Amino acid sequence: RGEAIIEGDGGSRLKLVFQNENLIASLDGRVLATVPDLICVLETSSGRPLQTEEVRYGLLVSVVLLPAPALLTTPEALVVVGPRAFG
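Residues numbered from 1 in each chain as written. Predicted model: local features only at pLDDT ≥ 70, side-chain atom pairs only at ≥ 80, totals over all residues. Heavy atoms only, no water.

Engineer: Please provide a residue-by-residue account of the sheet that holds strand 1 (residues 2-7), values included.
Structural biologist: Strand order in the open sheet formed by four strands is 1-2-3-4, with antiparallel pairing between adjacent strands. Both outer strands of the open sheet, strand 1 and strand 4 (30-34), are each paired with one neighbouring strand and no more. Neighbouring strand axes in the sheet, compared pairwise and without regard to direction, differ in orientation by 20° on average. Here six bridges tie strand 1 to strand 2 (residues 13-18), and the two strands are oriented antiparallel to one another. Looking at strand 2, one finds that glutamate 7 is bridged to arginine 13. (Pairing = 2+ DSSP bridges. Helix = DSSP H or I, 4+ residues; strand = E, 2+ residues; numbered from the N terminus. Axes fitted to C-alpha atoms, helices over the stretch in contact; angles between N-to-C directions.)

See below:
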């Protein structure tokens, strides 16, 4: 499990918590997305998606948040794919 802090142009800070995949995205302490939403980190210059182990200091990235389909947000599904499923 790890964390990455992405600093925006205006001084904002996006925190990503990951464990093999991005689990939580929060902006200045406010949660924006969490699994099962897709939190995608892209290399800004090429648009190439980055795996969690590729994110490093100095890399210019863009983050895209895609909401989970309704089927994955039911109480039953969240037991398996929600944040608690990752500890």
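Further notes follow.
Engineer: Please set out the layout of surface pockets residue by residue, giving values where relevant.
Structural biologist: Over the atoms, a rolled probe matching the size of one water molecule traces out where space is still vacant. For the largest pocket, the calculated volume is near 450 Å³. Ile5, Ile6, Glu7, Leu59 and Val61 are, among the 18 residues lining the largest pocket, the residues nearest its centre. Mapped by element, the contributors of at least two residues to the lining of the largest pocket are strand 1 and strand 6 (61-66). With four residues, strand 1 is the single largest residue contributor to the lining of the largest pocket. (1 Å grid on protein atoms, 1.4 Å probe; cavity = no way out; pocket = protein on both sides within 12 Å on 5 of 7 lines; lining within 4 Å. Points joined across faces, edges and corners; volume = space filled by probe spheres on them.)

Engineer: Describe in detail empty space enclosed by the protein, supporting the description with residues and values.
Structural biologist: Taken as a whole, this structure holds one cavity of 30 Å³ or more when the rule is applied. In this model, the largest cavity occupies a volume close to 30 Å³. In this structure, the largest cavity is lined by Ala4, Leu16, Phe18, Asn22, Thr52 and Val55.

Engineer: So what about unusual backbone geometry? Which residues, and what values?
Structural biologist: Following valine 35, the chain continues into proline 36 via a peptide bond in cis, with omega recorded as 15°. With respect to the element layout, proline 36 can be found in the loop between strand 4 and strand 5 (38-43). In the Ramachandran plot, asparagine 20 falls in the positive-phi region, its phi being about 70° despite a non-glycine side chain. Tracing the chain through its elements places asparagine 20 in the loop between strand 2 and strand 3 (22-27). The class for asparagine 20 is exposed, based on a relative accessible area of 74%. Within the chain, aspartate 28 stands out as a residue other than glycine whose phi angle is a positive 50°. Summarising the element assignment, aspartate 28 is placed in the loop between strand 3 and strand 4. (Buried < 20%, exposed > 50% of the residue type's maximum accessible area, 1.4 Å probe, protein only.)

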